[in-house]
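# Close look at the chain arrangement
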Amino acid sequence: MAIKSFQGKRETNPEKEEVQILVSDYMTTNLITFKAEDSLDHVIEQLITHKISGGPVVNDKNELIGIISETDCIKHISESKYYNMPSDTNNTVGKYMVRGVDTIDKNMNIFDAAFKFISSHRRRFPVVENGKLIGQLSQKDVLKAAMKVEGNTWK
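Residues numbered from 1 in each chain as written. Predicted model: local features only at pLDDT ≥ 70, side-chain atom pairs only at ≥ 80, totals over all residues. Heavy atoms only, no water.

### Topic: the overall build of the chain
- A count of helices and strands for the chain gives six helices and four strands.
- Ordering the α and β elements of the chain from the N terminus gives α-α-β-β-α-α-α-β-β-α.
- Here the chain holds 155 residues, and the buried ones make up 32% of them.
- In the chain, the share of contacts with a sequence separation of at least 24, taken over all contacts with a separation of at least 6, comes to 61%.
- Surface exposure of the chain reaches about 11,200 Å², of which carbon and sulfur atoms provide 51%. (Helix = DSSP H or I, 4+ residues; strand = E, 2+ residues; numbered from the N terminus. Buried < 20%, exposed > 50% of the residue type's maximum accessible area, 1.4 Å probe, protein only. Contact = heavy atoms within 4.5 Å. Areas by Shrake-Rupley, 256 points an atom, 1.4 Å probe, with all protein chains shown as cover.)

Shown next as structure tokens:
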């Protein structure tokens, strides 16, 4: 007599629909921005007031032209204090900002963006669309996304 299988019909697991978690889902859109002609004193005041570590620098068309950070401000302060010199009267953002800034695409997967943070050692990436600044993604935004992921995968 033959042995019958009592397992019955095996059910195939339907593939779960992969939902992409995009940069645009977590980026900050209400940004504190600076102009190249702003003074570093103004920047320092804004960084302290808003408890941020830096911000994008834009022109009148809202096009990204650079980034100014706490580090850039500290460099200026430490140089003038170290040499016991008065503050530079030309202490503008345009003189101390970092140009040629790496940006990130709003349609990038948030965890691909996390890898970009790790490999570049950046704290924030501006998000630009058609040459215009539309937002910014910070490391904290990636952490917020990670806390909302369900299950064992980051897909």
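### As for helix 2 (residues 40–50)
- Residues of helix 2 that are buried: L40, V43, Q46 and L47. Considered in projection along helix 2, the buried side chains sweep an arc of 120 degrees and stay on one side of the axis. Summarising the geometry of helix 2, the exposed residues directed more than 90 degrees from the buried face are D41, I48 and T49.
- K51 sits one or two positions beyond helix 2 and adopts a positive phi of about 55 degrees. (Arc of directions from axis to C-beta.)

### Some words on the pairing of strand 3 (residues 124–129)
- Summarising the sheet, strand 3 and strand 4 (residues 132–138) pair through six bridges and their orientation is antiparallel. Across the sheet, F125 pairs through a bridge with L137, a residue of strand 4. (Pairing = 2+ DSSP bridges.)

### Notes on the nonpolar core
- Among the nonpolar cores identified, the biggest contains 16 residues, and I21, V23, I104, I110 and L137 are the most heavily contacted of them.
- Those elements that provide at least two residues to this core are helix 1 (23–26), helix 5 (110–120), strand 3 and helix 6 (139–148).
- The dominant element in this core, judged by the number of residues it contributes, is helix 5, at five residues.
- Discounting residues that sit within four places of it in the chain, I21 has contacts with Y26, M108, N109, I110, F111, A145 and V149. (Core = buried A, V, L, I, M, F, W, Y, C linked by side-chain atoms within 4.5 Å.)

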